[in-house]
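Coordinate inspection notes
One-letter residues, chain by chain:
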Amino acid sequence: MDLLEYQGKQLFAEYGIPVSPGHAVFTVQEAVEAADRIGYPVVVKAQVHVGGRGKAGGIQLASDADSVRTHALDILGMDIRGHVVATLWIERASDIAEEYYASFTLDRSAKLDLGLLSARGGVDIEQVAAEEPDAIARLHVDPVDGLSEAVAREWVGRANLNPAATDGTVDVLVKLYRAYVDGDADLVEINPLILTTDGRVHALDAKVTLDDNAAFRHEWSEYEATQERDEREEAAHAKGLQYVGLDGYVGIIANGAGLAMSTVDIVSQVGGEPANFLDIGGGANADVMANALEVINNDAEVKSIFINIFGGITKGEEVANGIVQALGRVEIRSPIVIRLDGTNADEGRAILAAHESDRLVSQPTMIDAARKAVAMAGAS
Ligand code: GDP
Ligand code: MN
């Protein structure tokens, strides 16, 4: 679960990381009242679950009530990369001397936490990584050992920050790592971490992704309330399906999470764009298949459907019968391509053959089926 900036800053503040005082507001009037209370100048900041707000015009400095009003009016309702702004964060403006970057995330291949620290903050870290990889100081942290102040100090030394920022940055990094571990986050990122003109180190932005599997340990209902809902995901989860909405046009149904992920990959590989990830689980009976088809069918972006089933314990003929029965129950808008393999695949394909048409096609391999599904999406 991703937090909004102000929620991330509240979390940081709980761990003692310096952030600017501010208020979350929902109207122009509230924005002006908040700014009056904080004192000028302030920053008016769009709160959306996406970065790059500054470039999009969603971050504005304001030196008086009139300009807060103008900016709040402008930013509320603004569409930032598909996210409509409903909330503003008003905070006291900071005087920036330098902008740095700091983050912690999990490095799965190293089986360790990974910290990134750079003197080049305020810009996309991906851009820094591509153009000037040496400008990022990396640190692997063993979660059993934690991050000591001495190790943090050595790390900050490698990042070539302004010496005036050393003590403050060491302090922030130790606290940020604690917030990451104890807060059960998958990612904590401060970009920019600033050195102010009067020598303080301070988090000017906050990006936090929490690990949903740890929700039972925390009181996260306030964060959950501000999540943007994907209607397709809600409908699928209500039917007990493992579904993740994507932005493409090839609807995907597969059995097993691994196969579903491979199906998403292969559709992309042959030049298509998957509309979703959907794992119907081990079995593939008519009920489950009908539910899955219904969810995909309700996605207006879907132009073709790729059903990719590998029979294991479930036999090919049972899968084929399930698909045929499901198709009898749901009126499908899009052409369907089926790849059925595994146990008793021949028996299954024989059953499907009796129902094939120009709208229902069976293909023997995954790559052929993916190509066919993409081609049929273009034709429909
Ligand atoms: P993002 O664009 O979504 O990453 O939003 P940020 O919160 O990181 O803000 C983008 C940029 O706006 C920062 O890198 C700063 O340069 C600028 N900015 C944000 N807050 C302040 C502030 O209090 N004072 C000044 N002078 N600039 C700010
Ligand atoms: Mn930022």
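Each value, and the rule that gives it
- Residues numbered from 1 in each chain as written.
- Chains lettered and ligands numbered in written order.
- Predicted model: local features only at pLDDT ≥ 70, side-chain atom pairs only at ≥ 80, totals over all residues.
- Heavy atoms only, no water.
- Donors = N, O, S within 2.8 Å, 3.2 Å for Na, K, Ca; no water.
- Helix = DSSP H or I, 4+ residues; strand = E, 2+ residues; numbered from the N terminus.
- Buried < 20%, exposed > 50% of the residue type's maximum accessible area, 1.4 Å probe, protein only.
- Near = heavy atom within 4 Å.
- Polar contact = N/O pair within 3.5 Å; in protein donor to acceptor, adjacent residues only side chain to side chain.
- Areas by Shrake-Rupley, 256 points an atom, 1.4 Å probe, with all protein chains shown as cover.
- Core = buried A, V, L, I, M, F, W, Y, C linked by side-chain atoms within 4.5 Å.
- Contact = heavy atoms within 4.5 Å.
- Axes fitted to C-alpha atoms, helices over the stretch in contact; angles between N-to-C directions.
- Parallel < 35°, antiparallel > 145°, perpendicular 65-115°, else oblique.
- Left-handed = near helix turned anticlockwise from the far one by under 90°.
- Nonpolar A, V, L, I, M, F, W, Y, C, P; charged D, E, K, R; others polar.
- Pairing = 2+ DSSP bridges.
- Patch = residues over 30% accessible without salt bridge, like charges linked within 9 Å, V, L, I, M, F, W, Y side chains within 5 Å.
- Salt bridge = Lys/Arg side-chain N within 4 Å of Asp/Glu carboxyl O.
- Lys, Arg positive; Asp, Glu negative; His and termini not counted.
- Charge placed at Lys NZ, Arg CZ, Asp CG, Glu CD.

1. Let's talk about the coordination of the manganese ion (ligand 2)
At this site the manganese ion (ligand 2) is bound by Asn191 (O) and Asp205 (OD), with donor distances of 2.2 Å. Taken as a pair, asparagine 191 in strand β10 (residues 185-196) and aspartate 205 in the loop between β11 (201-203) and β12 (207-210) lie far apart in primary sequence, 14 residues in all. For asparagine 191, a relative accessible area of 15% translates into the label buried.

2. Concerning the site of ligand 1
Residues in close proximity to ligand 1 total 16 residues, the closest being Lys45, Arg53, Gly54, Ser94 and Glu99. In the environment of ligand 1, an oxygen atom lies 2.7 Å from a nitrogen or oxygen atom belonging to the side chain of lysine 45. Contact between ligand 1 and serine 94: an oxygen atom at 2.8 Å from a main-chain N or O atom of the residue. Protein chains shield 78% of the accessible area of ligand 1, which is 560 Å² for the free molecule.

3. Quick notes on the nonpolar core
Phe12 and Phe104 are the most contacted members of the largest nonpolar core, which has 39 residues in total. Listing elements by their share of this core, those giving two or more residues are α1 (5-14), β7 (96-107), β9 (136-141), α5 (149-158), α6 (166-182), β10, β11 and β12. Leave out the neighbours within four places in its chain, and phenylalanine 12 touches Ile17, Val19, Leu176, Val188, Glu189, Ile190, Ala203, Asp205, Ala206 and Val208. Residues Ala292, Ile296, Ile305 and Ile332 belong to the second largest nonpolar core, which totals 29 residues.

4. Focus: α1
A large share of α1 lies buried, amounting to 7 of its 10 residues. Within the span of α1, buried status applies to Glu5, Tyr6, Gln7, Gly8, Lys9, Leu11 and Phe12. The positive-phi residue at the C-terminal boundary of α1 is glycine 16, with phi of around 85 degrees.

5. Here we look at the packing of helix α10 (residues 286-297) against helix α11 (residues 316-329)
α11 packs onto α10 with a crossing angle of 50 degrees between their chain directions and a minimal axis gap of 8 Å. The orientation of α10 with respect to α11, classified from their angle, is oblique. Handedness of the crossing formed by α10 with α11: right-handed. Judged by residue contacts, Ala286, Asp287, Met289, Ala290 and Leu293 of α10 engage Gly322, Ile323, Gln325, Ala326, Leu327 and Arg329 from α11. Among the residues making up the contact of α10 with α11, the classes are represented as 7 nonpolar, 2 polar and 2 charged.

6. Focus on the pairing of strand β6 (residues 88-92)
Among the 5 residues that make up β6, 4 are buried, leaving the element largely enclosed by the rest of the structure. As defined by bridge partners, strand β1 (residues 22-25) adjoins β6 across 4 bridges and the pair is classed as antiparallel. Looking across to β6, one finds that alanine 24 is bridged to tryptophan 89. In this sheet, β6 lies alongside strand β2 (residues 42-46) in antiparallel orientation, the contact comprising 5 bridges.

7. Brief notes about unusual backbone geometry
Where the residue is not glycine, phi is negative for most of them; where a peptide bond is considered, it is trans in most cases. With an omega of -5 degrees, the peptide bond running from tyrosine 40 to proline 41 counts as cis. With respect to the helices, strands and loops of the structure, proline 41 is situated in the loop between α2 (28-38) and β2. Between asparagine 191 and the following residue, proline 192, the backbone shows a cis peptide bond with an omega angle of 10 degrees. Turning to its location among the elements, proline 192 is positioned in strand β10. Non-glycine residue asparagine 344 carries a positive phi angle of around 55 degrees. With respect to the helices and strands, asparagine 344 occurs in the loop between β17 (336-342) and α12 (345-353). On the accessibility criterion, asparagine 344 (25% relative accessible area) is partly exposed.

8. Re a negative patch on the surface
Taken together, the side chains of Asp2, Asp186, Asp212, Glu219, Glu222 and Glu224 present a region of like negative charge at the surface. Considering the arrangement of structural elements, one finds aspartate 212 in the loop between β12 and α7 (221-225).

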